Amino acid sequence: MLASLLRVGSFTARLVSDRPIYHRLLAESFGVFFSGAELDAADVDAEMVFREDDVGLASVPEIPPDALVLSASSCRPKLHTELFSVVLDLEQSPVRATLHVREPLAPEFELAVHLTVILHKLLFLMDRLILHAAAVRLADRVSLLVGEKGAGKTTSSIAVARAGGAILAEDHVLVSRVSGQFLVSGCDEHARLAEETERHYFPNPIEAPVRELGGLKKKEIRVADYFESMPYRDFGADRLCFVKIGTRFSATPIPGPSALVGLLDSTRKLQRFASGRDQGEYLGYLADFVQTVPCFQVELSPDLNKLDLLVEFLMAPGPGA
């Protein structure tokens, strides 16, 4: 049996299977720390055991194309996709997930899609959610920068780090609800730099591997080699900012309902729902989160020199501070 570890923010799962394909596909899909090292049981949040059989499954319900079926049990739910049936025990510590692979010879792309759906659902059942966002810490305050590709998240994170701050993550953040309190943690210790960002912030060309992301070639660096890096650790969030590139810098407070819509846009592509109740719990989670943090719409200037204004804004005490 092959055993290895998958880390998504502050969440860690131990993966066990007869074949390495499932480990590799999860690592490629999430792009996070992955190794064969052992952790103490206290450091592992979930055990994910893969079985290429249907032993232990009394019956598999009919599953419509691109759908998800989830049993109503809150402690020991069963989760079904077209390729996998997952038996969960949420009362165990660590949580136990047995993944029965019903179609082990399916194309790798399809296996990867289903594994991604399953891990996102497992995270949500454990009160966790991934945001397409950057996270930075400056003046002991943590700010989330939510935005699509090309919104300036990475460049903004570098600007904050150059000003003495730390980068938790530049692209994906894990939100966790623990005893009613929301915490955030960075999901990756790397950053991907566009050519303009590299020229502006680094005096000499960086020797780093080039990756093509969304049709753009970017250099990938380990953040800790250049700036303070704080991935995988939980922090309270002090600001939630929805960033986009405009004509000039501005930061405008927005009400909770507007922030909720922004978070829906950021997360719903990562989720698949089994029922209206399932979707309602997801909406409630996001609504509760936006009530705990001041929210802003932030417009960034295309002039990178103007990112000093963003740094000043993030350094200033927030409402109620």
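Scope of this entry: the structure provided in the associated data block. Within any chain, residue numbers begin from 1 and follow the written order of that chain's sequence. For a predicted model such as this one, the threshold for reporting local features is a pLDDT of at least 70, and the threshold for listing and counting side-chain atom pairs is 80 or more; totals across whole chains, interfaces and linings nevertheless cover every residue. Values reported for side chains reflect all heavy atoms of the structure, with hydrogen atoms and water molecules removed beforehand.

Turning next to the overall build of the chain. Along the backbone of the chain there are seven helices and 20 strands. Between the two quantities, the radius of gyration covers C-alpha atoms and the globule rule is 2.2 Å times the number of residues to the power 0.38. What you see for the chain is a C-alpha radius of gyration of 20 Å, in line with the 20 Å of a compact globule of 321 residues. With the principal axes as the frame, the chain shows a C-alpha extent of 60 × 45 × 35 Å. Out of the 321 residues in the chain, the part that is buried amounts to 51%. Of the contacts formed within the chain by residues at least 6 apart in sequence, a portion of 68% connects residues at least 24 apart. Approximately 15,000 Å² of the chain is accessible, and the part contributed by carbon and sulfur atoms is 50%. Looking at charge distribution, the chain has the averaged site of its 33 positive side-chain charges lying 3 Å from that of its 43 negative ones. Helix and strand definitions here come from DSSP, where helices need a minimum of 4 consecutive H or I residues and strands a minimum of 2 consecutive E residues; each element is numbered from the N-terminal end. The buried label applies to any residue whose accessible area, calculated with a 1.4 Å probe on protein chains only, is under 20% of its type's maximum; exposed applies above 50%, and partly exposed to all values in between. Residues are treated as being in contact if the distance between any of their heavy atoms lies within 4.5 Å. Accessible surface is estimated by sampling points in the Shrake-Rupley manner with a 1.4 Å probe; for residues, cover comes only from the protein chains shown. Charge counting treats Lys and Arg as positive and Asp and Glu as negative, with His and both chain ends excluded. To locate a charge, take NZ of a lysine, CZ of an arginine, CG of an aspartate or CD of a glutamate.

When a carboxyl oxygen of Asp or Glu lies within 4 Å of a side-chain nitrogen of Lys or Arg, that pair is called a salt bridge. According to the stated counting rule, one finds 20 salt bridges in the structure shown. Here Arg192 makes a salt bridge to Glu220, at a shortest N to O gap of 3.1 Å. Highlighted residues: Arg192 in strand E14 (residues 190–193) and Glu220 in strand E16 (residues 216–222), separated in sequence by 28 residues. For the pair shown, Arg192 and Glu220 are each scored as buried. Close ionic contact of Arg199 with Glu195 constitutes a salt bridge, the shortest N to O distance being 3.3 Å. Here the residue Arg199 and the residue Glu195 both occupy positions in helix H4 (residues 195–201), the gap between them amounting to four residues, near one helical turn. Pair check on accessibility: Arg199 and Glu195 agree, each one exposed.

Quick look at the nonpolar core now. Val8, Phe11, Phe84, Leu99 and Leu119 are the most contacted members of the largest nonpolar core, which has 36 residues in total. Counting residues per element, the ones that place at least two in this core are strand E1 (2–8), strand E2 (11–17), helix H1 (21–30), strand E4 (46–51), strand E7 (84–89), strand E8 (95–101) and helix H2 (108–125). It is H2 that provides the largest number of residues to this core, a total of eight residues. Setting aside its immediate chain neighbours within four residues, Leu99 contacts Met48, Val49, Phe50, Arg51, Phe84, Ser85, Val86, Leu115 and Ile118. Judged by nonpolar contacts, the second largest core, of 32 residues, contains Ala135, Ala169, Leu286 and Val290. In these notes, a set of buried Ala, Val, Leu, Ile, Met, Phe, Trp, Tyr and Cys residues joined through side-chain atoms within 4.5 Å is what counts as a nonpolar core.

Here the focus is H2. Given 3.6 residues to a turn, an α-helix orients residues that are three or four positions apart in the same direction. With 18 residues, H2 ought to run about 26 Å at 1.5 Å a step, and its terminal C-alpha atoms sit 26 Å apart, in line with that. Where H2 is concerned, the buried positions are Leu111, Ala112, His114, Leu115, Val117, Ile118, Leu119, His120, Lys121, Leu122, Leu123 and Phe124. Following H2 by one or two positions, Asp127 has its phi on the positive side, about 65°. Expected helix span is given by 1.5 Å per residue-to-residue step, counting one fewer step than there are residues.

Checked against the element boundaries, Leu283 lands in helix H6 (residues 276–290). Since its relative accessible area comes to 33%, Leu283 is described here as partly exposed. Between the alpha carbons of Leu283 and Asn305 there is a distance of 38 Å; along the sequence they are 22 residues apart. Excluding anything up to four places from it in sequence, Leu283 contacts Leu260 and Leu264.

Moving on, we get to unusual backbone geometry. Across the junction of Ser93 and Pro94, the peptide omega takes the value 0°, indicating a cis bond. You can see Pro94 is positioned in the loop between E7 and E8. Positive phi values are uncommon outside glycine, yet Asp140 reaches one of about 65°. You can see Asp140 is positioned in the loop between strand E9 (128–138) and strand E10 (141–146). Of the residues examined, Asp140 reaches a relative accessible area of 61% and is grouped as exposed. Even without glycine at this site, Tyr232 takes up a positive phi of about 70°. Following the sequence through the fold, Tyr232 ends up in the loop between strand E17 (228–229) and strand E18 (239–245).

Any functional reading would require information beyond the geometric quantities listed.
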